[in-house]
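For reference, the chains in residue letters:
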Amino acid sequence: MIHIEHSISINRPRGEVFDFLTNVQNLPKWQANLVQSVPLSQGPVRAGFQFEETINVMRRKIRAVCTVTEIRPQERFAFEMRSNGPLDCDARFELQPVANGTRLTLIGTARLKGIWRLLKPMVAAELRKETLVELTAMKNLLEAPEPVLSRQGI
């Protein structure tokens, strides 16, 4: 199992960060390898809500189904991802108010499948680097002069 944990401060109110994070259609805006994220469930994001991701992994597109496991407005967003590719993961985002904005912490675990388990040290290092880059991309989007604040249902 690969454990990942990163925190970043975003100069935006917690509500704005939460709204952006929980709009699953925003995920490709800050996750470089994510081609598309489409809701599978109807209605608002809630525990049990599902969405499908298309992800580029080593020049291959894989499909993943994500299920929201926990959601607490402005505090926490968690989901599990199960894929037809080399890994499955669980991710939890914690949001805390700080001076000038929000502290966003990502806590995740990834499980490699099949022969990929032999590459765990290399994959772990790459995943840790990639998640920090992605959180920085989200921060940059939200802190831009005209932030991308797509809300759910809009």
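Use the structure listed above.
Residues numbered from 1 in each chain as written. Predicted model: local features only at pLDDT ≥ 70, side-chain atom pairs only at ≥ 80, totals over all residues. Heavy atoms only, no water.

Peer 1: Where do I start with the pairing of strand β3 (residues 50-57) in this structure?
Peer 2: Across a regular strand the side chains alternate sides, sitting on one face of the sheet and then on the other. Where strand β2 (residues 34-39) and β3 come together, 5 bridges link them in antiparallel fashion. Across the sheet, the residue bridging to P39 is F51, located in β3. As paired strands, β3 and strand β4 (residues 60-72) are joined by 8 bridges and run antiparallel to one another. By the bridge assignment for β4, F51 is matched with C66. Here β3 hands over to β4 after 2 residues, with M58 in that stretch at a positive phi of 50 degrees. (Pairing = 2+ DSSP bridges. Helix = DSSP H or I, 4+ residues; strand = E, 2+ residues; numbered from the N terminus.)

Peer 1: Any chance you could explain the layout of surface pockets here in plain terms?
Peer 2: Empty space left among the atoms is revealed by rolling a probe the size of a water molecule over them. Estimates place the volume of the largest pocket at around 850 Å³. Contributing to the lining of the largest pocket are 34 residues, with N33, I55, L87, L127 and E130 lying nearest its centre. For the lining of the largest pocket, the secondary-structure elements that each account for two or more residues are β3, β5 (76-83), β6 (87-98), β7 (101-112) and α3 (120-143). If you tally residues by element for the lining of the largest pocket, the top one is α3, at 8 residues. (1 Å grid on protein atoms, 1.4 Å probe; cavity = no way out; pocket = protein on both sides within 12 Å on 5 of 7 lines; lining within 4 Å. Points joined across faces, edges and corners; volume = space filled by probe spheres on them.)

Peer 1: Looking at this structure, how should I read the environment of E143?
Peer 2: Take E143: it is sitting in helix α3. Given the relative accessible area of 28%, E143 is considered partly exposed. Contacts of E143, omitting those with residues within four sequence positions, involve S9, I10, N11 and R12. A polar atom in the side chain of E143 sits 2.6 Å from the backbone nitrogen of N11. (Buried < 20%, exposed > 50% of the residue type's maximum accessible area, 1.4 Å probe, protein only. Contact = heavy atoms within 4.5 Å. Polar contact = N/O pair within 3.5 Å; in protein donor to acceptor, adjacent residues only side chain to side chain.)

Peer 1: Would you mind showing me how to read the nonpolar core here?
Peer 2: Looking at soluble globular proteins, one finds that nonpolar side chains tend to be buried together. Counting 39 residues, the largest nonpolar core has I2, L21, F51, F77, F93, L104 and M138 as its most contacted members. Per-element accounting of this core gives the leading share, 6 residues, to α3. (Core = buried A, V, L, I, M, F, W, Y, C linked by side-chain atoms within 4.5 Å.)

Peer 1: For this particular structure, what's the right way to read the sheet that holds β7?
Peer 2: Working definition: the strands of a sheet are paired by backbone hydrogen bonds and lie parallel or antiparallel to each other. The 7 strands are arranged β1-β7-β6-β5-β4-β3-β2 in an open sheet whose pairing can be described as antiparallel. Of all the strands in the sheet, the pair left with one neighbour each is β1 (2-10) and β2. Between one strand and the next, the sheet's axes are offset by a mean angle of 20 degrees, whatever the strand orientation. Relative to β6, helix α1 (residues 14-22) is tilted by about 165 degrees, and along the sheet it contacts β1, β4, β5, β6 and β7. Across the sheet, α3 touches β1, β6 and β7, and the angle it forms with β1 is around 20 degrees. (Axes fitted to C-alpha atoms, helices over the stretch in contact; angles between N-to-C directions.)

Peer 1: Sorry if this is basic, but what is going on with the environment of T131 here?
Peer 2: Relative to the elements of secondary structure, T131 occurs in helix α3. A residue is classified by how much of its surface remains accessible, and T131, at 11% relative accessible area, is buried. Spatially, the C-alpha atom of T131 lies 19 Å from that of V68, the residues being 63 residues apart in sequence. For T131, the contacting residues outside a window of four places in its chain are I4, H6 and L106.

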